[in-house]
Amino acid sequence: MAKAAKSRAPSAALAKKRALKEKTARDSRKKAEAVEANFRKSGGYGRAVVSPWDVPPGGIENSPAYKKVVARCGGGRLPAPKDRAGAPLKGGFPVDK
C-alpha cells in the first residue's frame, strides 16, 4: 500500500495566525493614520515653515523642549540663559539675541 504524500501547504492554524497578524498590522496602521490626520487637522503637524519663536499650543511651559531644559537645570525656576547647563561657549552665538 502506498503512503499518502504529505501536503506542503501551510496548515490552517498557520494561515489563521498569519491572517490575524496582517489584520493587526493593518488596523494599527489605520489607527496611526487616523491619529495623524486628527493632529494635522488641528494644526499640530505638517506646517510648511516653523519658526523657533513660535509658541506651541498650550504655552511654552507645556512644550517638551522647555520641560527638558527645566529638568536639565534641576527643576523649579529656570536660571538665566548664561547660567544654564549647556549654555553657549565663549565666542559662540550671543544668548541675548
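As shown above, the structure is provided for reference.
The sections below set out a description of the structure shown in this document. (Residues numbered from 1 in each chain as written. Predicted model: local features only at pLDDT ≥ 70, side-chain atom pairs only at ≥ 80, totals over all residues. Heavy atoms only, no water.)

### Some thoughts on the overall build of the protein chain
And step 1. When its secondary structure is counted, the protein chain shows two helices and zero strands.
And step 2. Buried positions account for 2% of the 97 residues belonging to the protein chain.
And step 3. Just so you have it, the protein chain exposes about 9,200 Å², and 59% of that area is on carbon and sulfur atoms. (Helix = DSSP H or I, 4+ residues; strand = E, 2+ residues; numbered from the N terminus. Buried < 20%, exposed > 50% of the residue type's maximum accessible area, 1.4 Å probe, protein only. Areas by Shrake-Rupley, 256 points an atom, 1.4 Å probe, with all protein chains shown as cover.)

### Some words on the environment of K67
And step 1. With respect to the helices and strands, K67 occurs in helix α2 (residues 64–72).
And step 2. Along the sequence, K67 and L78 sit 11 residues apart, while their C-alpha atoms lie 10.0 Å from each other.
And step 3. With near-sequence residues (within four places) excluded, K67 lies in contact with E61 and N62. (Contact = heavy atoms within 4.5 Å.)

Worth remembering: the numbers are spatial, not functional.
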